[in-house]
Amino acid sequence: MFHDGMRDLQDKYGGRKVADVIAKHRTHFEFSDDDRAYIESVPFFFLATSWGETTDCTMKSGHPGFIRIARPNQLEWPDYDGNSMYRSLGNITRNPSVGLLFVKFDGESLRIRLTGKAEIIDDPSQFADLPGALRLVRVTVDYIYYNCPRSVPKMEMVTPSPYLPREGYKPLEPEWKSRDYIKAAMEE
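Residues numbered from 1 in each chain as written. Predicted model: local features only at pLDDT ≥ 70, side-chain atom pairs only at ≥ 80, totals over all residues. Heavy atoms only, no water.

Can you walk me through the nonpolar core in this structure?
Nonpolar side chains tend toward joint burial in soluble globular proteins. If you look at the biggest cluster of nonpolar residues, it comprises 25 residues, and the most contacted ones within it are Ile39, Ile67, Leu75, Trp77, Leu100, Phe102 and Leu114. For this core, the elements supplying multiple residues, two or more each, are α3 (33-39), β2 (44-51), β5 (74-79), α4 (87-94), β6 (97-102), β7 (111-121) and β8 (135-147). Of the residues forming this core, the biggest block, five residues, is contributed by β8. With residues up to four places along the chain from it excluded, the contact list for isoleucine 67 reads Ile39, Glu40, Val42, Phe45, Leu75, Glu76, Trp77 and Phe102. Residues Ile121, Phe127, Leu130 and Leu136 belong to the second largest nonpolar core, which totals five residues. (Core = buried A, V, L, I, M, F, W, Y, C linked by side-chain atoms within 4.5 Å. Buried < 20%, exposed > 50% of the residue type's maximum accessible area, 1.4 Å probe, protein only. Helix = DSSP H or I, 4+ residues; strand = E, 2+ residues; numbered from the N terminus. Contact = heavy atoms within 4.5 Å.)

This is the structure:
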C-alpha cells in the first residue's frame, strides 16, 4: 500500500506507526455489503489517472446505480458522451492504474478510496443495459480503504443534472456543442 516515497515521509514526520495501524484496520481487497450499498447509491465519484507527466482528475457522474459492483473485487461504470478529449480514457490506455474517491457530502459518511487497474470495454453487449453508455470502464481493485468524514461539509443535492442519460430520457445537448468552432470540428 505504501511506496518508498510515502515511507520516507512517514519516517521523516513520525507517521509510520499510525499509517500501519490505519492500513491494517481500514484496508480491504473486496467490497463489503456496506461498500456496495454506499457506492451504488452515489451520483458521482472522482477518478484520478496518469501517464508520464500527465495527471488528470475528473468527476464521473450518473444517476444513483450507474456504478455497479460486478465482482467482489471489481466495479464498473458507463462512459457517456463527453468532450472528445479522452483525457481519462487516454491515460488508462497507457497506464491502467487509477484512483477513485467516493464521497457523500453529508458530513457523516466515510469516504471510500480505492486503487486498482482499469480497462475499457468496447463490446456493446457488455453495457447494453446502461442507457447512454458508449463504453464501459471496469476496475479491478488493488485495495480499498476508508477515510473519516471530518473535513466533509454537509451539502444537499437539489436536482440531478439534465445532461445525464437514463431510461426513457434523451439528455439535453450541452451548450458548448453549439459553439461555431466546436460545430465545425464535429462536422469534419
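Structure shown, so let's carry the discussion forward.
Where do I start with the pattern of salt bridges in this structure?
Charged atoms that come close allow side chains of opposite charge to pair. Enumeration according to the criterion identifies twelve salt bridges in this entry. Residue aspartate 79 pairs with arginine 135 through a salt bridge whose shortest N-O separation is 2.9 Å. Pair noted here: aspartate 79 is in strand β5 and arginine 135 is in strand β8, with a separation of 56 residues, a long-range link. Across the pair, exposure class does not vary: aspartate 79 and arginine 135 are buried alike. The salt bridge partner of arginine 179 is glutamate 175, with a shortest N-O separation of 2.8 Å. A single salt-bridge network, built from bridges that share partners, covers Arg68, Glu76, Asp129 and Arg138. (Salt bridge = Lys/Arg side-chain N within 4 Å of Asp/Glu carboxyl O.)

Please clarify how the pairing of strand β4 (residues 68-71) should be interpreted in this entry.
Each regular strand shows side chains that alternate between the opposite faces of the sheet. Both β4 and β5 contribute to a ladder of three bridges, which runs antiparallel. Across the sheet, the residue bridging to isoleucine 69 is leucine 75, located in β5. Remark: two residues form the turn of the hairpin made by β4 and β5, two consecutive strands paired antiparallel. (Pairing = 2+ DSSP bridges.)

Is there a simple way to think about the packing of aromatic side chains in this case?
In this description, a pair of aromatic rings is defined by centroid distance and the angle of the planes. If you walk through the whole model with that rule in mind, you get six aromatic pairs. Each ring, one from phenylalanine 44 and one from phenylalanine 105, has its centre 6.0 Å from the other, and the planes form 20°; the classification is stacked. Within this pair, whereas phenylalanine 44 is found in strand β2, its partner phenylalanine 105 is found in the loop between β6 and β7, the two being separated by 61 residues in sequence. On the basis of relative accessible area, phenylalanine 44 is assigned to the buried category, the value being 17%. Grouping aromatic residues by their ring pairs yields a cluster made of Phe45, Phe66, Trp77 and Phe102. (Phe/Tyr/Trp six-rings, centres within 6.5 Å; stacked < 30°, edge-to-face > 60°.)

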